[in-house]
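Observations on the three-dimensional arrangement
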Amino acid sequence: MTHSIHQLADAVRAGDLEQVRTMIEAKPELVTMDMADENEHQALHYAVYNRLPKMVRLLMQDGANARKGVWPHREATTALTIATDRGYDEIAAIIQEEEDLRKARAGPAAGHTKPAREELMNAFRQHDEDRILKMIEADPSLIEAHRRPLHAAACMRMERLANWLVGHGYDVNWRTDSDWAPLDMAVACWRQDDSVDRFRRMTDWLREHGAELTPRSAVALGEADWLRTKHAEGKLSNAPVMQRDLWYGGLLSIAARHDRADILELLLDLGFDPDERARVEGADCDGWGGPLEECAQFGRLAMAETLLKRGADPNPKPHLGKAPIAWACEKRDWAMVELLERHGALEHPTSVGIRGDIEKAKKLFAEDAAGRLPEGLVGRQETLAELLLWSSAAGGHPELVRLALPRMTWPRDDPRWWWMLWHPLYRSLECFRLVLERCDPNVRLFFGRTSLHDVMGLHGRDAETELRIAFAIALLDAGARLDLRDDLLKSTPLGWACRWGRVDLVKLLLERGADPVEADAEPWATPRAWAEKKKHSAVLALLNGVIV
C-alpha cells in the first residue's frame, strides 16, 4: 500500500504510534516531507501541536527535522520553537535529547542506525565528499541508504566517491527506471557556472571505467558519428513522456545547454521536433519548448534563431521552467528578447507587470479580449488580470495596478486577495492602498494570518519603522480587525507585535484600541506572555502603562 504525507499526518494527530511506525517503515521519506508546496508543515509539527511526547520521540528517532519552519515565518514556526514558545517543556526536552543522541550516533560505530543514514544523506545534500567517504569507509554497508549513489557522484563530480563505488561493485552502466545512466546524470547536472574542466574529467573518468555512450551523453560530448549510427539503427529518439517532477532532458535541449550548435543542427536534420513536444506524465497536457527555453536561459542566441527558423514555437509551455522570453527578460538579454519578439513571442504577463510596461500590458489585454493569447500563456486556474495585478503591485507600478484592478471579478472577501496584498507589502505603499480599496483587509489565506499580522511579523524584517507604521495605518484605516488570531501562533496582531518586539507598532495598536490583556487567549499566547518570553522590556513597559 502506498502511504501519503496526509495519511501520516492524520495518524500522528490521532496518536496512533503503530500506524505511524508502519507508514514510516514502508516509506521513510514521509518523515521529512512537507504537506504541500504551499504548506510546509511536516508530521512532527502535528505531534507538537497535539502535545504527544511519545509521537515526538518516534518521529525524531526516524529522522524528523525539528528546526524546519513554515513559510514565511519559518524561524518562529519550527517544531522546537513552537514547543518552547507554548511551554511544552517535556516536548522541547525530548527534541533536544534526540538531537544530542543523533549527533553522538553519527560516528562510525553507528553505521546501521537511522540517524547515521540520515547523516549520510545530509552529506550528499551538502556535496561533502570527504564526509561521505569517511562514513562509508568506516561502514561500507551504509552506502545502501542512497538508492543511486553512483548517479549522485556523477552529478556532483565526485570522482573519489565514484572510484570507491565502482571498486565496491557498482555498475557504471546501471540505469534507473526512467533510463538514466550515471553518464547521463553528469550531463544533465551541468550548469553554466560549473567548471567545464570538472565536467570533462568526470565524463572522461566514467568512460575510462566502462561507461557506454548514451544518446544524452553523446549529444553533450559532441559524438556526431555515434548519433548518426544510432539514428540509422532506429535507436535514437526522445522519451515519449515527460516525468512530471523531473527535467525532461530532450536531446535538443541538451545540445542547447551544452552549446553544441553542430549537434543541434544534426538532430534537426535528422527530423527531431524543434519543440520536443511530449506528454507530461499523469497530466492532461503536453509540455514543449525545452530547447528554446535552454537557449534563452543560457544565452544561446544563434541556436535560438536556428530553432525559430526551423519552426519552434516562440510561445511554448515548458515542462518545468519558464517561457523563453521570461528568461530573456530576467537575464536582461535584450538581443534574445528582440529575436523572440520578432518571431512572434509575447512576453509573459508577470514579466510585463514587474517591469511596469503599460503598453505591453494594454496589448496583452487586447489580445486576451480577442481570444488571441497563445495557449498556456495564462494558466487554467488564473486570469490575465490576476497575473498583471500581483506582478505590477510587486514591481511598484500604480498605473498598471489601476489598469488591472477594474478587470478583477473577485468578491471583496475572496481569500485570494491576501496574495494581492502580500506582493506590494513593504514594496509599494501606493499599490498596497489601491488594492485595499477593492478588498476586505481581513482576508486570510494561509493559517489564519491577516495582512496586519504580516506587517507585525518577520516579513520585511529590514523595513524602516516609519514604513511599517504606514502599512499598518493603511490597513487599520481600511478596517483591519485587531481581535483575529492566526492558527500557528494563536495570537492577534498585537501578540505578534509583542513577540517580535515592534515597540512603535505595539503603541499604535494600543492607541487604536487593541486589548492588552486578551483574557480569552491561551496563556502562552497573550501579548504579555510574548513580551516576557522574548524579553522585550520596552514592550512590557508599554503594556504595563495601559493595564490597570
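Rules behind the numbers
- Residues numbered from 1 in each chain as written.
- Predicted model: local features only at pLDDT ≥ 70, side-chain atom pairs only at ≥ 80, totals over all residues.
- Heavy atoms only, no water.
- Helix = DSSP H or I, 4+ residues; strand = E, 2+ residues; numbered from the N terminus.
- Buried < 20%, exposed > 50% of the residue type's maximum accessible area, 1.4 Å probe, protein only.
- Contact = heavy atoms within 4.5 Å.
- Areas by Shrake-Rupley, 256 points an atom, 1.4 Å probe, with all protein chains shown as cover.
- Lys, Arg positive; Asp, Glu negative; His and termini not counted.
- Charge placed at Lys NZ, Arg CZ, Asp CG, Glu CD.
- 1 Å grid on protein atoms, 1.4 Å probe; cavity = no way out; pocket = protein on both sides within 12 Å on 5 of 7 lines; lining within 4 Å.
- Points joined across faces, edges and corners; volume = space filled by probe spheres on them.
- Nonpolar A, V, L, I, M, F, W, Y, C, P; charged D, E, K, R; others polar.
- Pairing = 2+ DSSP bridges.
- Polar contact = N/O pair within 3.5 Å; in protein donor to acceptor, adjacent residues only side chain to side chain.
- Salt bridge = Lys/Arg side-chain N within 4 Å of Asp/Glu carboxyl O.
- Phe/Tyr/Trp six-rings, centres within 6.5 Å; stacked < 30°, edge-to-face > 60°.
- pLDDT = per-residue confidence, 0-100.
- Axes fitted to C-alpha atoms, helices over the stretch in contact; angles between N-to-C directions.
- Parallel < 35°, antiparallel > 145°, perpendicular 65-115°, else oblique.
- Left-handed = near helix turned anticlockwise from the far one by under 90°.
- Disulfide = S-S within 2.5 Å.
- Arc of directions from axis to C-beta.

**Describing the overall build of the protein chain**
Helix and strand content of the protein chain: 32 helices and 3 strands. Overall, the C-alpha framework of the protein chain stretches about 90 × 65 × 40 Å when taken along its three principal axes. Within the protein chain, buried positions represent 52% of all 548 residues. Contacts in the protein chain between residues at least 24 apart in sequence constitute 66% of all its contacts with a sequence separation of at least 6. Accessible surface for the protein chain amounts to roughly 25100 Å². Of this, 48% is attributable to carbon and sulfur atoms. Side-chain charges in the protein chain split into 73 positive and 88 negative, and the spacing between the mean points of these groups amounts to 2 Å.

**Digging into empty space enclosed by the protein**
Applying the stated criterion across every chain, the model contains 3 cavities of 30 Å³ or more. Considering only enclosed or pocket space, the largest cavity measures out at about 60 Å³ in volume. Grouping the amino acids of the lining of the largest cavity by side-chain chemistry returns 8 nonpolar, 2 polar and 2 charged. Contributing to the lining of the second largest cavity are Ala76, Thr81, Ile82, Asp85, Arg86, Leu488, Leu489, Trp524 and Trp530.

**What about the sheet that holds strand E2 (residues 278-280)?**
Whether parallel or antiparallel, the strands of a sheet pair through hydrogen bonds between backbone atoms. The mixed open sheet is built from 3 strands, whose spatial order is E1-E2-E3. Either end of the sheet is taken by a strand with one partner, and the two such strands are strand E1 (241-242) and strand E3 (286-287). Pairing between E1 and E2: 2 bridges, direction parallel. Residue pairing across strands places valine 241 opposite arginine 279, the latter belonging to E2.

**So, the environment of arginine 485**
Counting through the fold element by element, arginine 485 comes out in the loop between helix H28 (465-477) and helix H29 (493-499). Separated by 11 residues in sequence, arginine 485 and tryptophan 496 place their C-alpha atoms 9.6 Å apart. Leaving out residues up to four positions away in the same chain, arginine 485 has contacts with Arg444, Gly448, His453, Lys490, Ser491, Thr492, Glu518, Asp520, Ala521 and Ala525. Here glutamate 518 takes part through its side chain, which lies 3.1 Å from a polar atom of the side chain of arginine 485. Within polar-contact distance, the side chain of arginine 485 engages the side chain of aspartate 520 at 3.2 Å.

**A look at the pattern of salt bridges**
In total, this model carries 39 salt bridges according to the counting rule given. One salt bridge in this structure joins glutamate 518 and arginine 485, with 3.1 Å as the shortest N-O distance. Here glutamate 518, found in the loop between helix H30 (503-511) and helix H31 (527-533), pairs with arginine 485, found in the loop between H28 and H29; they are 33 residues apart in sequence, far enough to count as distant. Residue class for glutamate 518 comes out buried when judged on its relative accessible area of 4%. One network of salt bridges, in which partners are shared, links Asp34, Glu40, Lys68 and Arg74.

**Observations concerning the packing of aromatic side chains**
In the structure shown here, the tally under the stated rule is 14 aromatic pairs. Relative to phenylalanine 447, the ring of phenylalanine 446 has its centre 6.4 Å away and its plane inclined at 45 degrees; by these criteria the two rings are tilted. You'll find phenylalanine 446 and phenylalanine 447 in the same group, each marked buried. The structure contains a cluster of three or more aromatic residues connected by ring pairs, namely Trp71, Trp418, Trp419, Trp422, Phe446 and Phe447.

**What about the confidence of the model for the protein chain?**
In the predicted model, the protein chain carries a mean pLDDT of 89, and the fraction of residues at 70 or more is 93%. The low-confidence segment residues 108-112 (pLDDT under 50) makes 10 contacts with residues lying over four places distant or belonging to another chain.

**Here we look at the packing of H28 against H30**
The contact between H28 and H30 brings their axes to 10 Å, and the two run at 25 degrees. Overall, the two elements H28 and H30 adopt an arrangement that is roughly parallel. For the pair H28 and H30, the sense of crossing is right-handed. Every residue of H30 that contacts H28 at Thr465, Arg468, Ile469, Ala472, Ile473 and Leu476 is listed here: Asp504, Leu505, Leu508 and Leu509.

**Brief notes about the state of the cysteines**
Per the counting criterion, the structure on display carries 1 disulfide. Across the disulfide from cysteine 155 sits cysteine 189; the S-S distance is 2.0 Å. The sign of the S-S torsion, about -100 degrees, decides the handedness of the disulfide formed by cysteine 155 and cysteine 189: left-handed. In this pair, cysteine 155 sits in helix H9 (residues 149-155) while cysteine 189 sits in the loop between helix H11 (182-188) and helix H12 (196-208), placing the two residues 34 residues apart along the sequence. On the basis of relative accessible area, cysteine 155 is assigned to the partly exposed category, the value being 23%. For cysteine 189, a relative accessible area of 16% translates into the label buried.

**Things to note about the side chain of aspartate 275**
Counting through the fold element by element, aspartate 275 comes out in the loop between helix H16 (261-269) and E2. Buried charged residue aspartate 275 carries no salt bridge. Nearest counter-charge: arginine 277, at 5.1 Å. Apart from residues no more than four positions distant in its own chain, aspartate 275 is found in contact with Trp288, Gly289, Gly290, Pro291, Gly311, Ala312 and Asp313.

**Details of the environment of histidine 45**
Tracing the sequence through the fold places histidine 45 in helix H3 (residues 43-49). When the C-alpha atoms of histidine 45 and alanine 304 are compared, they prove to be 47 Å apart, with 259 residues separating the residues in sequence. Setting aside residues up to four positions removed in sequence, histidine 45 forms contacts with Glu40, Lys68, Gly69, Val70, Thr77, Thr78, Ala79 and Ile82.

**Quick word on helix H8 (residues 129-138)**
Inspection of H8 places Glu129, Ile132, Leu133, Met135 and Ile136 among the buried residues, and these make up the whole buried set. Down the axis of H8, the smallest arc covering the buried residues is 165 degrees, so these residues share one side. The exposed set on the far side of H8, more than 90 degrees from its buried face, consists of Asp130, Lys134 and Glu137.

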